[in-house]
Amino acid sequence: DGRIGVHNECLTDSGGVEQAEGVATVIDTTTNARLTVVFDNFFARLFGSSREGNYWILALDPEYRTAMVGTPDRRFLWILSRAPQLEEATYQRLVEQAKDLGFPITDLIRTRRPAS
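Caption draft 1: Focus on the layout of surface pockets. As a volume, the second largest pocket reaches approximately 150 Å³. As for the second largest pocket, its lining consists of Asp61, Arg65, Thr66, Ser81, Ala83, Gln85, Leu86, Glu87, Thr90 and Arg93. Tallied by class, residues from the lining of the second largest pocket come to two nonpolar, four polar and four charged.

Caption draft 2: The nonpolar core, seen in detail. With 10 residues, the main nonpolar core is built from Val6, Ala20, Ala24, Leu35, Val37, Phe39, Tyr55, Val69, Phe76 and Trp78. Elements that contribute at least two residues to this core include exactly strand S2 (17–26) and strand S3 (34–39). Element by element, the count of residues in this core is highest for S3, at three residues. If sequence neighbours within four positions are ignored, Val69 has contacts with Tyr55, Trp56, Ile57, Leu58, Phe76, Leu77, Trp78 and Leu80. Counting six residues, the second largest nonpolar core, distinct from the first, contains Ala59, Met68, Leu77 and Ala98.

Caption draft 3: Fine view of unusual backbone geometry. The backbone of Tyr64 sits at a positive phi, close to 60°, despite the residue not being glycine. Mapped onto the fold, Tyr64 is located in the loop between strand S4 (55–60) and strand S5 (66–70). With phi around 65°, Arg74 is a residue other than glycine that occupies positive phi space. Among the secondary structure elements, Arg74 is positioned in the loop between S5 and strand S6 (77–81).

Caption draft 4: Here's a closer look at the pattern of salt bridges. Counted according to the given criterion, the structure contains four salt bridges. Its salt-bridge partner being Glu63, residue Arg65 comes within 3.5 Å of it at the nearest N-O pair. Residue Arg65 is classed as partly exposed on the basis of its relative accessible area of 47%. Salt bridges linked by common partners bring Asp61, Glu63 and Arg65 together as one network.

What counts, and at which threshold
Residues numbered from 1 in each chain as written. Predicted model: local features only at pLDDT ≥ 70, side-chain atom pairs only at ≥ 80, totals over all residues. Heavy atoms only, no water. 1 Å grid on protein atoms, 1.4 Å probe; cavity = no way out; pocket = protein on both sides within 12 Å on 5 of 7 lines; lining within 4 Å. Points joined across faces, edges and corners; volume = space filled by probe spheres on them. Nonpolar A, V, L, I, M, F, W, Y, C, P; charged D, E, K, R; others polar. Core = buried A, V, L, I, M, F, W, Y, C linked by side-chain atoms within 4.5 Å. Buried < 20%, exposed > 50% of the residue type's maximum accessible area, 1.4 Å probe, protein only. Helix = DSSP H or I, 4+ residues; strand = E, 2+ residues; numbered from the N terminus. Contact = heavy atoms within 4.5 Å. Salt bridge = Lys/Arg side-chain N within 4 Å of Asp/Glu carboxyl O.

Structure below.
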């Protein structure tokens, strides 16, 4: 029906895992890079929703191994990786791209996952 399931998770400072489930709808069908995501928990209050889309895919590697997603107001930014450890060069390239896009990179929190 055009909706996409979204599952986000991250490690907390205490070593626990925070998870959020949501549903995305593509807003920009030309690029498929702008989506509206509605989350079904605490994250919904932080993230909100907008008619223009609140979940923008800013970078995506051709093999879907890494992505960078942010909000148009530059309040939220995620650098995502399918692998537990993201190569340092890839991370730095994405951080530099985020900086060029006006995101406050000094606020980034880097989560390191143990190798699985």
